[in-house]
Amino acid sequence: QVQLVESGGGLVQPGGSLRLSCAASGTIANIEAMGWYRQAPGKQRELVGFISSSGRTTYEDFGKGRFTISRDDAKNTVYLQMNSLKPEDTAVYYCNTGWLSGSDYYADFNSWGQGTQVTVSS
């Protein structure tokens with residue numbers, strides 16, 4: 001499977017924006033779906049959302065209207081645009097490959113990148 005490298009995290013004030021990138025070592029065009037997860041301090045990883053090979057996106061409720069996942073297959077890169085950030089968005093963000101079963105996303109647990117830290121604080 002492809003190797004994934006996340007980048008773009010950093011420190012941002014509440015209400016600010018960040019765009020995270022997930023660069024793959026090979027083509028992502030034939031990967032059924034790719035997802036973003038996050039892990040806040042003291043909590044388990046939770047799904048942020050995912051994007052199918054056709055570009056269909058699904059988001060968890062906390063990100064709807066604020067987060068946008070996109071993909072650029074020519075660059076072998078998936079993005080997570082985050083707007084109107086809140087302190088509770090503070091977490092390490094990970095991307096991964098996976099597959100779809102109906103409307104559900106299943107991550108390949110061997111595909112995780114190293115993660116990128118997002119800190120939202122005034």
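Note: the structure precedes this text.
Here the structure is a predicted model, which means the values were calculated and not measured.

Caption draft 1: Quick look at the pattern of salt bridges. One pass over the structure, following the stated rule, counts five salt bridges. In this structure, the salt-bridge partner of Arg38 is Asp89, at a minimum N-O distance of 2.9 Å. A residue pair is termed long-range when its members are at least 10 positions apart, and Arg38 in strand 4 (residues 33-39) and Asp89 in the loop between strand 8 (77-82) and strand 9 (91-101) qualify at 51 residues. Each member of the pair, Arg38 as well as Asp89, is classed as buried.

Caption draft 2: Just the nonpolar core, in detail. Among the nonpolar cores identified, the biggest contains 26 residues, and Trp36, Val78, Leu80, Met82 and Tyr93 are the most heavily contacted of them. Elements represented by at least two residues in this core include exactly strand 3 (18-24), strand 4, strand 5 (46-52), strand 7 (67-72), strand 8, strand 9 and strand 11 (116-120). With four residues, the top contributor of residues to this core is strand 3. Once residues lying within four places of it in the same chain are set aside, the contact partners of Leu80 are Leu18, Arg19, Leu20, Trp36, Val48, Phe67, Thr68, Ile69 and Tyr93. In this structure, Leu47, Phe50, Tyr105 and Trp112 belong to the second largest nonpolar core, which totals ten residues.

Caption draft 3: Fine view of the environment of Gly10. Within the secondary structure, Gly10 sits in strand 2 (residues 10-12). For the pair Gly10 and Lys64, spaced 54 residues apart in the sequence, the C-alpha separation amounts to 21 Å. Apart from residues lying up to four places away in sequence, Gly10 is in contact with Leu18, Gln117, Val118 and Thr119.

Caption draft 4: Expanded view of the pairing of strand 10 (residues 104-107). Of the two faces of strand 10, the one lined by Tyr105 and Ala107 is fully buried and the one lined by Asp104 and Tyr106 carries no buried residue. In terms of strand pairing, strand 9 meets strand 10 through four bridges, oriented antiparallel. In the strand pairing of strand 10, Gly98 is matched with Ala107. Taking the residues between adjacent antiparallel strands as the criterion, strand 9 and strand 10 are bridged by two residues, where Gly102 takes a positive phi near 65°.

Rules and cut-offs
- Here the residue numbers are simple positions, counted from 1 along each chain's written sequence.
- Local features are withheld for residues below a pLDDT of 70 in this predicted model, meaning they are given only at 70 or higher, and side-chain atom pairs are given and counted only at 80 or more; totals for whole chains, interfaces and linings count all residues.
- Computation of side-chain values: all heavy atoms of the structure, hydrogens and water removed.
- By definition here, a salt bridge exists when the distance from a side-chain nitrogen of Lys or Arg to a carboxyl oxygen of Asp or Glu is within 4 Å.
- Put simply, DSSP marks the helices as runs of H or I at least four residues long and the strands as runs of E at least two long, and each gets a number from the N terminus on.
- Note on classification: 1.4 Å probe, protein chains only; a residue is buried when its accessible area is under 20% of the maximum for its type, exposed when over 50%, partly exposed between these limits.
- Buried Ala, Val, Leu, Ile, Met, Phe, Trp, Tyr and Cys residues form a nonpolar core when they are joined through side-chain atoms within 4.5 Å.
- Contacts are assigned to residue pairs that have any heavy atoms within 4.5 Å of one another.
- Only strands that DSSP links by at least two bridges are regarded as paired with each other.

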